[in-house]
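# Fold and geometry: a report
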Amino acid sequence: MHISVKNLTYIENKIKKVTNNFPTIIAVSKNFGEENIIPLLSFGHKHFGENKVQECAKKWNELKYKYENIKLHMIGKLQTNKVKECMKHFDFIHSLDSKKLAKKIYEEEIKQNKKIKIFIQVNIGQENQKSGVNISELEELLLYCYSLKLDIIGLMCIPPNEKNTKKYFSQMTQLKNQFNLENLSMGMSSDYLDAIECSSNFIRIGTLIFGERKY
């Protein structure tokens, strides 16, 4: 059994011990090649995350035809000039954070006759260096997205790199409930169990599945 499959199985077993509501595990395959990904595909894993449109196109064009029902998640910052290509390859966007980007996605949905599932990224720690909409502006952005009939399925966050990420995850749960949304995309290799305890149902795991990135 390939090491990535062993790691995924280990993570799944840990999750089953703490919850009956099993989350979607997004295997973050950015910077990893086919030799790392194909064992997971052969094992039956369906959800993968990439943070660059060009890398995704190069890596996944053929794989999506060879393996059925693959779902690709755009988890990185998305520039408006990349939306056209993004829509061609991805099934989910986790990083919507502005009206400008929302409008561009709406325009491409019409042009490509395709709907995409979207998470709004919240800058839950109010960090200047991170993307995401401010909490105070979240409702306005949500209403704008609804006016465009975008398929907003939940909220996403990358909390501050502190030891108290559970505090931020709890705030995200409150926001999800406040705005009557169904899903939360939060939790990575270092904190996914805390995220699951706070109702996250999409977790983004790279290092614990594939190992440390070499570049």
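Our structure's up above, just so we're on the same page.
Residues numbered from 1 in each chain as written. Predicted model: local features only at pLDDT ≥ 70, side-chain atom pairs only at ≥ 80, totals over all residues. Heavy atoms only, no water.

### Thoughts on the side chain of Ser200
- On the secondary structure map, Ser200 appears in the loop between helix H9 (192–197) and strand E8 (202–205).
- Within the structure, the side chain of Ser200 is placed 3.3 Å from the backbone oxygen of Leu184, a separation counted as a polar contact.
- Polar contacts involving the side chain of Ser200 include one to the main-chain carbonyl oxygen of Phe202, which spans 3.1 Å.
- Setting aside chain neighbours within four positions, we find Ser200 in contact with Pro23, Leu184, Ser185, Met186 and Ala195. (Helix = DSSP H or I, 4+ residues; strand = E, 2+ residues; numbered from the N terminus. Polar contact = N/O pair within 3.5 Å; in protein donor to acceptor, adjacent residues only side chain to side chain. Contact = heavy atoms within 4.5 Å.)

### Concerning the pairing of strand E3 (residues 71–74)
- With four bridges joining them, strand E2 (residues 47–50) and E3 adopt parallel strand pairing. If you follow Gly49 over to E3, its bridge partner there is His73.
- With two bridges joining them, E3 and strand E4 (residues 92–96) adopt parallel strand pairing. Bridging from a neighbouring strand, Met74 pairs with Ile93 of E4.
- Read from E3 through helix H5 (residues 83–89) to E4, the crossover connection turns out right-handed. (Pairing = 2+ DSSP bridges. Right-handed = clockwise from strand over helix to strand, strands pointing away.)

### Examining helix H8 (residues 165–178)
- In a regular helix each residue adds 1.5 Å, so 14 residues correspond to 20 Å; H8 covers 20 Å between its end C-alpha atoms and thus fits that length.
- Here H8 has its buried residues at Thr165, Tyr168, Phe169, Met172, Thr173, Leu175 and Lys176. Buried residues of H8 fall within an arc of 160 degrees about the axis and therefore sit on the same side. Across from the buried face of H8, at angles greater than 90 degrees, the exposed residues are Gln174, Asn177 and Gln178.
- Looking at the buried side of H8, the elements it contacts are strand E5 (117–122), helix H7 (135–147), strand E6 (151–157), strand E7 (183–185) and H9. (Expected span 1.5 Å × (residues − 1). Buried < 20%, exposed > 50% of the residue type's maximum accessible area, 1.4 Å probe, protein only. Arc of directions from axis to C-beta.)

### What to know about the packing of aromatic side chains
- Tallied over the full model, the rule gives four aromatic pairs.
- Ring geometry for Phe48 and Trp60: centres 4.9 Å apart, planes at 50 degrees, overall tilted. In this pair, Phe48 sits in strand E2 while Trp60 sits in helix H3 (residues 53–60), placing the two residues 12 residues apart along the sequence.
- Given a relative accessible area of 1%, Trp60 falls into the buried group.
- The interplanar angle of 50 degrees and the centroid separation of 6.0 Å between the aromatic rings of Phe92 and Phe202 together place this pair among those described as tilted. Residue Phe92 is located in strand E4, and its partner Phe202 is located in strand E8; the two are separated by 110 residues in the primary sequence. In this structure, Phe92 and Phe202 share a single accessibility class: buried.
- What links up through ring pairs into an aromatic cluster is the set Phe92, Phe119 and Phe202. (Phe/Tyr/Trp six-rings, centres within 6.5 Å; stacked < 30°, edge-to-face > 60°.)

### Remarks on the side chain of Asn36
- Counting through the fold element by element, Asn36 comes out in helix H2 (residues 34–43).
- Assessed through its relative accessible area of 17%, Asn36 is described here as buried.
- Excluding residues within four positions of it along the chain, Asn36 makes contact with His2, Ser4 and Phe210.

### Side note on H7
- Here H7 spans 19 Å end to end across 13 residues, near enough to the 18 Å set by a 1.5 Å rise per residue.
- Along H7, the residues that are buried comprise Leu138, Leu141, Leu142 and Cys145. Along H7, the residues classed as buried sweep out an arc of 105 degrees about the axis, all on the same side. Exposed and facing more than 90 degrees away from the buried side of H7 are Ser136 and Leu143.
- Its buried side turned inward, H7 meets E4, helix H6 (99–112), E5, E6 and H8.
- Looking one or two residues beyond H7, the residue adopting positive phi is Lys149, at roughly 60 degrees.

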